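# Residue-level structural notes
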Amino acid sequence: ENEEAARSFAKNKNGNIFVGGDNEFGKVYFDENGEFKYQKLSQKYDSLKFGKVWNTISVFDDIYFISPTSIFKLDDQGSITQFSVPNKQTIRLAYLVDNTICCVIYENNEGQEIKHCVTFDGTGFREIRNSREFIPYSFFETNNISYVIGKDGEIREVVQIDNSYKFESIGNKLPLPSGVYITSV
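Residues numbered from 1 in each chain as written. Predicted model: local features only at pLDDT ≥ 70, side-chain atom pairs only at ≥ 80, totals over all residues. Heavy atoms only, no water.

## So, the overall build of the chain
Helix and strand counts for the chain stand at 0 helices and 16 strands. Here the chain has a C-alpha radius of gyration of 18 Å; the compact-globule value for 185 residues is 16 Å, and the two agree. Dimensions of the chain, computed from the C-alpha atoms along their principal axes, are close to 55 × 40 × 35 Å. Of all 185 residues assigned to the chain, the portion counted as buried reaches 42%. (Helix = DSSP H or I, 4+ residues; strand = E, 2+ residues; numbered from the N terminus. Rg over C-alpha atoms; globule rule 2.2 N^0.38 Å. Buried < 20%, exposed > 50% of the residue type's maximum accessible area, 1.4 Å probe, protein only.)

Right, dumping it as structure tokens:
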């Protein structure tokens, strides 16, 4: 089987553990003898070469396996649906806000790299307002409030407006030494 390292894990509400790897994803469990086992779930998509599954996220009854080129949704009935990222775009970071998946998207447009953020609601992508002017490199949640951190250390709150989100400036910035930038956490 796949000798690659596991890249991401998520546990659903029933305690099942799901794992993302290199061009595959699956479920880990203990068999009746207490031995650790892996069940590959992505065999239907083996020909896609979708890349490393850097994020595995549990939302309600569903598990999302997120690679640079696709999001795979495993529902509570065991059915898997694939959602392709639009052409010339890749997902670089994914995180959860209010049970909504947010993704940082990189787009190669005639050699120029354009960055923006989208939400994924389980059926499609929607751009986050003002996300072309502020790109998060990391995120965190505290006291049920979600925050993102920019490359220069600026912290913004993720705010829901109608059925969309935006990054609201809160006037805080991490004290980074000169020449130091956030790349990821």
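## Notes on the pattern of salt bridges
This model, assessed by the stated rule, comprises 12 salt bridges. The residue K52 makes a salt bridge to D22 at a minimum N-O spacing of 3.7 Å. With K52 in the loop between β4 (36-40) and β5 (55-59) and D22 in the loop between β2 (17-20) and β3 (25-30), this residue pair connects regions lying 30 residues apart in the sequence. D22 gets classed as buried once you look at its relative accessible area, which sits at 17%. Residue K40 is joined to D46 by a salt bridge in which the shortest nitrogen-to-oxygen separation is 2.9 Å. A relative accessible area of 25% places K40 in the partly exposed class. For D46, a relative accessible area of 33% corresponds to the partly exposed category. (Salt bridge = Lys/Arg side-chain N within 4 Å of Asp/Glu carboxyl O.)

## Topic: the environment of D46
With respect to the helices and strands, D46 occurs in the loop between β4 and β5. Each C-alpha atom, one on D46 and one on E24, is 7.3 Å from the other, the two residues being 22 residues apart in sequence. Dropping the residues within four chain positions of it, D46 is found in contact with N23 and K40. Side chain to side chain, D46 and K40 meet in a polar contact 2.9 Å long. (Contact = heavy atoms within 4.5 Å. Polar contact = N/O pair within 3.5 Å; in protein donor to acceptor, adjacent residues only side chain to side chain.)

## Topic: the environment of S79
Along the chain, the position of S79 falls in the loop between β7 (70-74) and β8 (80-84). With 38 residues separating them along the chain, S79 and L41 place their C-alpha atoms 9.9 Å apart. Sequence-distant contacts of S79, that is, excluding residues within four places in its chain, are made with K73 and L74.

## Examining the nonpolar core
The biggest cluster of nonpolar side chains holds 19 residues, and the ones touching the most others in it are Y95, V97, V104, I128, V148, V158 and F167. Elements that contribute at least two residues to this core include exactly β9 (89-97), β10 (100-109), β14 (145-150), β15 (154-161) and β16 (164-173). In contact with V97, other than residues within four places in its own chain, are C102, S146, V158 and Y165. (Core = buried A, V, L, I, M, F, W, Y, C linked by side-chain atoms within 4.5 Å.)

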